Amino acid sequence: MTARSRFFLRLAKWLTAMAFAGFTAGALLLGGLYLYLSPRLPDIDQLRDVQLQEPLRVYTRDAELLAVYGTQRRIPLEIEAIPEPVRNAFIAAEDDRFYEHPGVDWMGIVRAAWNLVLTGEKTQGGSTITMQVARNFFLSRERTYLRKINEIFLALKIEREISKDEVLELYLNKIYLGKRAYGVAAAAQVYYGKDVDELTVAEMAMIAGLPKAPSTFNPIANPERARQRRDYVLGRMRANDMLDEAEYERALRTSVTATTHSAPLAVDAPYVGEMARLEAVQRFGEDVYTGGYRVYTSVDASRQRAAQDALHTALLDYERRRGYTGPIGTLENDRLPGPEELQARLGAAARGALGDVAEGLPIDDGRMGPVELDRELADRGAAGPLEPAVVLAVSGEDATVYRREGGLGRIPWDGLKWAAPRRENGGTGSSPEKPADVLAVGDIVRVMERDGTLRLAEKPDVQGALVALDPQDGGIRALVGGFSFEGSKFNRVTQSRRQPGSAFKPFIYSAALNDGFTPATLVNDAPVVFDDPALEDTWRPENYSGRVFGPTRLREGLVYSRNLVSIRVLLSIGIPYAIDYVQRFGFPEEQLPRDLTLALGSAALSPLQVATGYAVFANMGFRIEPYLVTRMATSDGEVVYRANPARACLEPCEAREEAEERAERETEAAGEPEGKSLDEQDRPTELDAVGVPDRNVEPGPRFAERVIPVQNAYMVRSFLRDVARRGTARGTRVLGRDDIAGKTGTTDDQLDAWFSGFNSSLVATGWVGYDEMKSLGARETGARAALPMWIDFMRTALKGTPETWPELPSDMVTVRIDPETGEYAGAGSQGAVFEIFRSDNAPEPPPEGTTSNGTGSGDGGNGEDPLF
């Protein structure tokens with residue numbers, strides 16, 4: 001052996017010894033670190049019980065989603081619900097040896113270490129999916145050697161205690177993917193508006209490329225960088241035989257189509273959602289935004305949709321009556337593509353053949369592509385059911401428009417011919433004769449789709465509100481607080497205070513009936529003049545028609561909404577009595593004026609308050625409290641709150657109330673037993689009265705308070721049915737039902753238009769007016785502006801519900817009367833009509849040998865001549 005050979009042999013031995021020593025030292029160091037750090041590593045059982053942050057979700061009573069609130073958007077899925085191609089995309093992008101290594105990929109760590117030696121920078125982390133789970137659930141994201149070592153030990157520990165699929169499930173539900181989306185299901189909704197099982201291969205790869213840098217590779221903020229990252233992921237999937245060549249090539253050719261999508265909602269009810277959100281926060285604090293709480297409301301999905309549609313239709317019809325103000329913007333004609341050219345472009349994009357569409361590149365000669373058009377339209381924004389569109393062509397019969405992400409559409413002449421120009425004086429110009437009289441190429445307009453047809457539309461300045469209640473327990477079945485929540489978050493159902501006008505009269509008439517009036521009491525419909533110190537000037541009220549009709553039966557006074565009759569009724573019963581009485585319907589005293597204008601509805605009330613008042617007539621005399629939230633549950637289904645509303649019911653509820661009161665009196669007389677009192681055992685607690693149950697005791701039934709006699713409720717309800725049959729609300733006859741009752745309302749100068757109506761199962765109130773308190777215009781009464789909205793809603797809301805009318809209550813009789821005098825009429829009297837009375841004040845036949853004196857049988861409330 002030569003000296004040279006001996007040198008290399010000694011060197012080899014020395015290097016081997018050094019390597020062994022280094023390995024031994026490294027092993028001892030790692031062992032020492034493990035012994036030091038292991039007791040400090042978190043318990044892996046926490047992963048099994050992990051509570052992923054989920055947003056607050058609000059549902060209808062039939063479990064349809066209507067709102068989502070929270071800083072993090074997450075839809076947790078079990079691993080079986082995540083399609084295998086989606087799992088493969090993430091494995092290919094982040095850890096292609098996931099199912100082979102024990103939680104740590106030593107080859108990857110060696111590569112990262114070698115890169116550190118070569119560059120001096122920590123540009124590669126070598127993290128596996130398991131290590132990312134360890135970091136995301138237990139550790140910080142700081143780049144230190146100690147954190148990395150903790151991450152390695154924790155990853156090894158995780159994989160010793162839970163399965164690979166469990167690790168992957170945690171990862172795919174936890175990982176942040178930009179745009180507040182956590183987990184693959186949320187990302188699929190945010191970027192593509194799809195469920196995770198609907199994603200294409202290209203879309204899967206796009207989402208799988210996001211964990212590395214959600215901001216840098218975001219397809220909305222940086223589509224070109226996102227495409228490069230997506231193509232890298234597709235390449236890794238192809239290299240690992242997760243895609244065949246055809247799938248790979250097709251995905252590469254697909255353009256970037258990601259856009260921001262809101263949470264998919266089954267029901268459009270933002271005002272309802274906001275009310276539910278506020279109640280959830282009041283009850284459980286800010287944790288509701290991350291704790292996965294579920295809030296279930298009393299709203300019916302179908303009725304809510306009907307209410308939304310009815311309000312939109314009513315306000316848009318009102319705007320059409322006022323004329324068209326013109327386009328909301330214009331684009332230069334020479335920059336616009338023709339419809340055929342744009343359609344070809346859209347078709348090519350759908351086939352994935354043109355990658356430059358997503359970047360909004362012009363088509364030819366500086367003309368705009370679909371995405372550029374989308375950006376122009378996005379600046380205008382949607383408003384309720386209206387969306388912006390740009391006019392691309394106008395012919396003699398129609399106009400062709402492009403809607404944002406909605407493609408090309410056609411507005412036929414029927415959707416344009418309403419658009420006579422609006423004049424500054426409130427009138428309209430000449431009606432258009434052809435589409436070119438209304439639209440020009442380049443106009444940006446608003447359109448809506450109705451019955452499958454596009455129509456030109458005007459964004460309303462006017463506002464409206466519609467609310468429907470179950471009169472038996474106060475559950476809100478539908479609520480719309482304005483035309484568009486995006487345009488105004490002010491909820492006019494609950495927050496506005498407007499004068500209900502004649503819609504308030506039934507409460508005054510109810511007070512009169514309670515004070516001795518009968519439906520046949522005669523009240524003089526004649527001019528009156530008041531010089532009341534409470535009023536600013538001499539007051540000369542008039543009927544809406546300007547005419548007077550002389551002695552009028554009480555029923556007819558309400559049926560035909562005679563203002564002068566209502567004022568004389570209030571004069572008779574007295575303002576203090578009326579104010580005290582109408583508070584029974586839930587109207588606060590401070591909102592009621594102490595003057596004669598009260599008879600004409602000058603109180604400042606919200607639509608919800610008015611609907612609650614009408615519910616007393618609908619349920620035959622009980623005052624209910626409106627409520628929205630029926631229950632709240634945690635993400636695992638535990639019910640943490642359940643409403644317990646007081647119900648309005650006749651038999652057997654009243655009998656049960658009497659039995660309970662009798663038992664309570666007997667218990668008090670005998671002395672209470674040990675333990676809980678009878679009241680504590682069998683009656684709801686004070687907390688239950690606001691809907692929060694005693695968690696240890698199932699709350700018993702609660703009964704609504706009777707506030708007016710059943711006979712009174714029946715009479716007013718009968719009056720209001722005649723209003724719907726032959727009075728100011730006879731438009732309701734189109735519903736073809738005989739159980740509808742209600743009342744229109746119009747205030748001075750047509751500032752407010754109302755209709756409140758009901759049957760036994762539903763009460764609804766609609767209002768139309770301007771927030772800035774300006775006139776709706778001549779002839780825009782409750783019957784014209786508000787009643788059609790109510791009819792449209794009830795047409796759907798009452799579909800399939802049987803007609804019902806309450807039986808005549810006990811102590812009431814039907815008597816034939818003379819319609820002119822209100823007195824008893826014999827069987828042979830011509831023109832006689834039937835009227836209902838309480839038994840104690842029904843008109844009786846005159847004694848034999850006498851004749852009628854021409855006055856009514858009621859005492860007018862004061863024992864004097866009722867012809868006052």
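Our subject is the structure listed above.
The notes below deal with the structure included here.

Quick notes on the rules
- Residues numbered from 1 in each chain as written.
- Predicted model: local features only at pLDDT ≥ 70, side-chain atom pairs only at ≥ 80, totals over all residues.
- Heavy atoms only, no water.
- Axes fitted to C-alpha atoms, helices over the stretch in contact; angles between N-to-C directions.
- Helix = DSSP H or I, 4+ residues; strand = E, 2+ residues; numbered from the N terminus.
- Parallel < 35°, antiparallel > 145°, perpendicular 65-115°, else oblique.
- Contact = heavy atoms within 4.5 Å.
- Nonpolar A, V, L, I, M, F, W, Y, C, P; charged D, E, K, R; others polar.
- Phe/Tyr/Trp six-rings, centres within 6.5 Å; stacked < 30°, edge-to-face > 60°.
- Lys NZ or Arg CZ within 6 Å of the ring centre and 35° of its normal.
- Core = buried A, V, L, I, M, F, W, Y, C linked by side-chain atoms within 4.5 Å.
- Buried < 20%, exposed > 50% of the residue type's maximum accessible area, 1.4 Å probe, protein only.
- Salt bridge = Lys/Arg side-chain N within 4 Å of Asp/Glu carboxyl O.

### A word on the packing of helix α3 (residues 84-94) against helix α10 (residues 223-239)
When two helices pack together, their arrangement is captured by the angle between the axes and the distance separating the axes. Their axes nearest at 8 Å, the elements α3 and α10 cross at an angle of 100°. Of the possible angle classes, the one that applies to α3 and α10 is roughly perpendicular. Here α3 contributes P85, A89, A92, A93 and E94 to the contact with α10, which in turn contributes R229, V233, R236 and M237. A per-class count over the contact of α3 with α10 returns 6 nonpolar, no polar and 3 charged.

### A few points about the packing of aromatic side chains
Under the criterion given, the structure shown has 22 aromatic pairs. Each ring, one from Y714 and one from W805, has its centre 6.4 Å from the other, and the planes form 70°; the classification is edge-to-face. Of this pair, Y714 sits in helix α23 (residues 710-726) while W805 sits in the loop between α24 (782-797) and β23 (812-817); the two residues are 91 residues apart in sequence, bridging distant segments of the chain. Ring pairing ties together the aromatic residues F504, F507, Y577, Y581, F585, F587, Y614, F617 and F758, which thus form one cluster. The ring of F217 carries the charged tip of R229 above its face, separated from the ring centre by 5.7 Å.

### Structural notes on the nonpolar core
Formed by 136 residues in total, the largest nonpolar core has its most connected members in F504, L570, L720, V768, W790, F793 and M794. Excluding residues within four positions of it along the chain, L570 makes contact with I508, I575, A578, D595, L596, L598 and A599. Listed in part, the 52 residues of the second largest apolar core include A93, Y171, V184 and A251.

### Some words on the pattern of salt bridges
A pair can form between side chains of opposite charge whenever their charged atoms are brought close. For the coordinates displayed, the defined rule picks out 45 salt bridges. A salt bridge links E556 to R726; its shortest N-O distance comes to 2.8 Å. Placement of E556 in helix α17 (residues 554-559) and of R726 in helix α23 is noted, with a sequence separation of 170 residues between them. Between R725 and D738 there is a salt bridge, with its nearest N and O atoms 2.9 Å apart. Of this pair, R725 sits in helix α23 while D738 sits in the loop between α23 and β20 (741-746), placing them 13 residues apart in sequence. Residue classification places D738 among the partly exposed residues on the basis of a relative accessible area of 35%. One salt-bridge network, in which partners are shared between bridges, spans R553, R555, E556, R721, D722, R725, R726, D738 and E835.

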